[in-house]
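Geometric and topological summary
One-letter residues, chain by chain:
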Amino acid sequence: MLHLPDVEVFLEIVNAGSFTGAARALKSPKSSVARQLARLEAALGTPLLDRSTRSVTLTAQGRTFVPHARRLLDDAVEAETALRADGKGPSGLLTIATTGLVGRRFIVPGLPQFRARHPQVRVALWLGAQQHALGSGPGEADIAIRLRTVASPEVGNRKLGEIAFAMVASPGYLARAGMPEEPEDLAAHAMLELGPAGKHNRLVLNGPERAATVTYAPPIQIDDPEAVRLAALAGCGIAVLPRFLVAEDVRAGRLALLLDAWRQAPIPIHVLFRTHVAPPPRVRAYVDFLFETLGTTQPWAVDL
């Protein structure tokens, strides 16, 4: 059977890079640190560390065990905190990963309300382009809010809503290049590409009676939707962007809505979290909060 103090010693050795450093951090004799690691390896039936005179390195089994070890300690701390809180609710650090656009527009505005309900929960919100793995280790997220889906038996995957798109261009651009009347006309226009390098420059539009596929060579390609919006406002070309992002510009006449009878398929928004272990109370509380607020109001669904 595993002993949590032994797991803690193992992680401290990994962090410190040596038995001596771990013993110093734990304020424990080096012999005790070595004995606890040996007990853990015996319980698991496999070596976790390769020892040398100067340092220790993880074995393949040790690398596999690291995220599980961190999760064991996190869950233990979560359980202890919940019991000591005596029913006061979720606590601990909640890490959320999503896109910059979704985070700024929809997640950040709801944080005051969530923390008012659960003041013992601290929030780390990551809005970079990096796809964070789900977990409790360094750089891993408790919850990911992503476009499209991820299929995995270990991941809870709940659909929060759908983001619809609109095709837009500035009046200045249209005065120079003309108004497209049919999807096929787009091939002769400056189509601004939203996406990373290497993305296929192809647009599939569903019309009243048929679907149309347009391929193009974008003069400008940007991996950030808000920057693509600025490029469209500056007259650089035609952009296909989330409707909520361009709604105010269309209403104010800064952007014109094009070929609105032809729509790109909406992209679903999913909330992802680990399910192969029981989600901590803070995760369950935030998932429930998302569906109670954003799932009910669907703030990205706008009329133009």
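Notes on the structure follow. Predicted model, so just to flag it, every value in this text is computed and none were measured.

What counts, and where the lines are drawn
- Residues numbered from 1 in each chain as written.
- Predicted model: local features only at pLDDT ≥ 70, side-chain atom pairs only at ≥ 80, totals over all residues.
- Heavy atoms only, no water.
- Phe/Tyr/Trp six-rings, centres within 6.5 Å; stacked < 30°, edge-to-face > 60°.
- Lys NZ or Arg CZ within 6 Å of the ring centre and 35° of its normal.
- Buried < 20%, exposed > 50% of the residue type's maximum accessible area, 1.4 Å probe, protein only.
- Helix = DSSP H or I, 4+ residues; strand = E, 2+ residues; numbered from the N terminus.
- Arc of directions from axis to C-beta.
- Contact = heavy atoms within 4.5 Å.
- Polar contact = N/O pair within 3.5 Å; in protein donor to acceptor, adjacent residues only side chain to side chain.
- Salt bridge = Lys/Arg side-chain N within 4 Å of Asp/Glu carboxyl O.

Observations regarding the packing of aromatic side chains
With the rule as written, the count across this model stands at six aromatic pairs. Grouped by ring-pair contacts, the aromatic residues Phe-106, Phe-244 and Trp-300 constitute a single cluster. Across from the ring centre of Phe-291, 3.9 Å away, lies the NZ or CZ of Arg-158, which sits over that ring.

Quick look at helix 8 (residues 225-233)
Residues of helix 8 that are buried: Pro-225, Val-228, Ala-231 and Ala-232. Viewed along the axis of helix 8, the buried residues span an arc of 110°, placing them on a single side of the element. Buried residues along helix 8 sit against helix 5 (100-107), strand 8 (193-194), strand 11 (221-222), strand 12 (239-242) and helix 9 (243-252). Its side-chain oxygen at 3.2 Å from the backbone nitrogen of Glu-226, Asp-224 defines the N-terminal cap of helix 8. At the C-terminal side of helix 8, Gly-235 shows a positive phi close to 85°.

Points about the pattern of salt bridges
Oppositely charged side chains are able to pair whenever their charged atoms sit close together. Taken as a whole and judged by the stated rule, the model has 12 salt bridges. Arg-282 is paired through a salt bridge with Asp-142; the nearest N and O atoms lie 3.4 Å apart. Placement of the pair is Arg-282 in helix 10 (residues 281-297) and Asp-142 in the loop between strand 4 (121-126) and strand 5 (143-147), with a sequence separation of 140 residues. A single burial state applies to Arg-282 and to Asp-142, both of which are buried. With a closest N to O distance of 2.6 Å, Arg-229 and Asp-249 form a salt bridge. Taken together, the residues Arg-229 in helix 8 and Asp-249 in helix 9 connect sequence positions 20 residues apart. Looking at Asp-249, the relative accessible area reads 1%, which means it is buried. A single salt-bridge network, built from bridges that share partners, covers Glu-182, Glu-184 and Arg-210.

Limitation: the analysis is restricted to geometry and does not speak to function.
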